[in-house]
Amino acid sequence: MTFSPELEARFEKFLAKYPADRKRSAVIPMLIYGQDEVGAVTDELVEEIAKRTGVTPLQVNEVVGFYSMLHRKPQGKYHVQICTNISCLLVGGTELWEQACHKLGIGHKQVTKDGLISLEEVECMGACSWAPAVQVNYDFYHDVTPEQFDKLIDGLAAGKKPEEIAEVVKVNC
Amino acid sequence: MLYNQPHPLEVRVLSRRFGLPNSQSIETYLANDGYKALEKALDMTQQQIIDEVKVSFLRGRGGAGFPTGIKWGFVPRQSPKPKYIMVNADESEPGTCKDRLLMEYDPHQLIEGILIASLAVGAHQGYIYIRGEYRYLIGVMDRAIDEAYAKGMLGDNIMGRGIKFHLATHSGAGAYECGEESALLESFEGKRGNPRIRPPFPAVAGAYQCPTILNNVETFCAVPPIILNGGAYFAGLGTPKNGGTHLVCISGHVNKPGVYELPLGFNLMRMINEVAGGMRGGKLKAVIPGGSSCPLLKADECDIAMDYDTLAAAKSMLGSGGLVIMNEHTCMVKAALRIMRFYAHESCGWCIPCREGTTWLKKLLTRFHEGMGQRSDIVLIGELSKNMLGRTFCPLGDAAALPTISIVEKFREEFEAHLDGQPCPYEKSSRMVTA
């Protein structure tokens, strides 16, 4: 299996981080970065990571089932994650979640027909003091109002990139 | 900007560099006392470093509140095995969002704290386990680590003193359970994040079964100020046996939610009314004092000093500093349900009382909130929770049970108000969407 030169370089760096007889430590970082490029955790990706870390494909597969960010099926181009845990719940997180489901006609862990947007109701993402919080792929959006969220979903559905939607600004650097 | 404008009541020790221009860069750090504590520690013995941390009464900021110096003292320094430093940056406790700021605005403070810990036990390798959702912070920390290598703070010859220490980040992939120390170690080794039976504790058998110092981000960040200004200075900021300041993450129904650095022992009502700008949308009903694992406090219990021992005496916990403030319009049954849904989702399934208990409680609470509960269910919810306590490898079972028990005991009338098919008194229709 071949990867982009960037990912190859990253994998090489990962494998060098751990003691020579402890390459298994690289399995989870390789899975998540590999998934970002491949689009999902495919059987080929599992085989390849097993080969490079010196474990069995079964040992990689048992990990895949455990972690919530690892997905066997491709997600949308924009994976919209909405927190409804306690701090977000108190200030409108659940309403944002319902708004998204209603607007897109999809539910938890589902993808729109055009493959553009997928939704996930997620647990606490560490943005409690800036609730309600939303993550699009790896970007954080804080203190999201229903109006802003409306624009975000409309914009993404119309094929805009998140940075082209003026109403919302990601907070991470 | 994640951090808020400094509040006059704050005591900014760990957060004092937040807001400086280019606060992530090593130049800014060096111009503001950066790596001076490391320089000092290089002239101290291992025992002197550990003793200074003991004097500071720094206690683990990840939630358990165990004295850090004592934890470090458990590491068998004479062991022939390699020793590791492991940083828990898997911040996932609902209500908690402080480690994000510490890494985003002052990554070198964390690196310096890790380096001092490595000197204290003779470790030559460290890892920062960062939750997968914090992808951008992996970039921030990687850049800071590269800078530290370039300046000779990391590598084979730290500050030209012939001492070796290497540091790298490690990405998680989404699992609350991996914030628990032994599950974190399993996950770090490339396995499912199931907890280990203890003893042996990580100090003796941690990463790769080698002696390991494993602490929360904030705990490591407190070490440079302790070494630089002395343990007594840090201890003096807090209350007896509860040293220093901590980052309090305030969320929920207040006017100015945010992360504030306050001394241990700061009064909770003053936090709400003076620091966080007072209640929003109604009177105070309840507070989660330290992340969703902690027993809740009723409004009349909130005139309390926020430190480990005072909260323990009040049968709650300081936890990880995640303060969730709820006003009078909050349905406590719904709050209990949402918290339990979280634990049922995050239970790793290793221990049956937790795996089955959280799932059953989620079902019971869902039924209750939808108005189909029976009077006997109130007792059942309490009893089921109590039967989980102390019967699991890791504290996740307790973390699910404790807030539930407190809500059932302290807000029983709200459960009764949901009986006999009555709709939730706090909302027009029951709208809990279950994943």
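Draft legend 1. Main features of the sheet that holds strand β11 (residues 322–327) of chain B. All names here are of chain B. With respect to topology, five strands assemble into an open sheet ordered β6-β5-β11-β8-β9, the strand pairing being mixed. What marks the edges here is a single partner per strand, and that holds for β6 (258–263) and β9 (297–298). Relative to β11, strand β5 (residues 245–252) runs parallel, the two sharing four bridges. Opposite Cys-249, over in β11, you have Gly-322 as the bridge partner.

Draft legend 2. Representation of the nonpolar core in the model. The biggest cluster of nonpolar side chains holds 192 residues, and the ones touching the most others in it are Ala-133 of chain A together with Ile-116 and Met-271 of chain B. For Ala-133 of chain A, the contacting residues outside a window of four places in its chain are Cys-83, Cys-88, Met-125, Ala-127, Phe-140, Tyr-141, His-142 and Val-144 of chain A.

Draft legend 3. A look at the interface of chain B and chain A. On the chain A side, the residues contacting the 50 residues of chain B number 41 residues. Contributions of two or more residues to the side of chain B that touches chain A are made by α7 (135–150), β3 (166–171), α8 (181–188), β5, β6, β11 and α13 (332–346) of chain B. Residues belonging to the side of chain B that touches chain A are distributed by class as follows: 22 nonpolar, 19 polar and nine charged.

Draft legend 4. The pairing of strand β2 (residues 125–130) of chain B, seen in detail. All names here are of chain B. The element β2 is extensively covered by neighbouring structure, given that six of its six residues are classed as buried. Burial along β2 is two-sided: Gln-125, Tyr-127 and Tyr-129 and Gly-126, Ile-128 and Ile-130, pointing in opposite directions, are all buried. Bridging between strand β1 (residues 84–89) and β2 involves six bridges; their strand directions are parallel. Within the sheet, the bridge partner assigned to Ile-85 lies in β2 and is Gly-126. Pairing of β2 with β3 involves six bridges; the strand directions are parallel. If you follow Tyr-127 over to β3, its bridge partner there is Ala-168. In this view, the connection linking β2 to its parallel neighbour β3 by way of α7 has right-handed handedness.

Draft legend 5. Quick peek at the domain arrangement of chain A. For chain A, the assigned domains read domain 1 (5–64) and domain 2 (78–164). Between the C-alpha centres of domain 1 of chain A and domain 2 of chain A there is a distance of 29 Å.

Draft legend 6. Summary view of the sheet that holds strand β4 (residues 139–141) of chain A. All names here are of chain A. The strand order across the open sheet formed by four strands is β2-β1-β3-β4, and the pairing between neighbours is mixed. Single-partner strands in this sheet number two, and they are β2 (117–122) and β4. Strand-to-strand, the axes of this sheet are offset by a mean angle of 20 degrees, without reference to chain direction. Pairing between strand β1 (residues 78–83) and β2: six bridges, direction parallel. Within β2, the position partnered with Val-80 by the bridge is Leu-119. Here helix α6 (residues 93–104) sits on the sheet in contact with β1, β2 and β3 (134–136), set at roughly 145 degrees to β1.

Draft legend 7. Focus on the packing of helix α6 (residues 107–121) of chain B against α7 of chain B. Residue and element names in this part refer to chain B. At a minimum axis separation of 9 Å, α6 and α7 run at an interaxial angle of 60 degrees. Classified by the angle between their axes, α6 and α7 sit oblique to one another. Classified by chirality, the crossing of α7 by α6 is right-handed. The segment α6 lies against α7, with Pro-107, His-108 and Ile-111 engaging Val-140, Met-141, Ala-144, Ile-145 and Ala-148. Class assignment of the residues belonging to the contact of α6 with α7 gives a composition of seven nonpolar, one polar and no charged.

Criteria and cut-off values
- Residues numbered from 1 in each chain as written.
- Chains lettered and ligands numbered in written order.
- Predicted model: local features only at pLDDT ≥ 70, side-chain atom pairs only at ≥ 80, totals over all residues.
- Pairing = 2+ DSSP bridges.
- Helix = DSSP H or I, 4+ residues; strand = E, 2+ residues; numbered from the N terminus.
- Core = buried A, V, L, I, M, F, W, Y, C linked by C-beta atoms within 7 Å.
- Buried ≥ 20, exposed ≤ 12 C-beta atoms within 10 Å, placed from the backbone.
- Contact = placed C-beta atoms within 7 Å.
- Nonpolar A, V, L, I, M, F, W, Y, C, P; charged D, E, K, R; others polar.
- Right-handed = clockwise from strand over helix to strand, strands pointing away.
- Domains from an automatic or database assignment.
- Axes fitted to C-alpha atoms, helices over the stretch in contact; angles between N-to-C directions.
- Parallel < 35°, antiparallel > 145°, perpendicular 65-115°, else oblique.
- Left-handed = near helix turned anticlockwise from the far one by under 90°.

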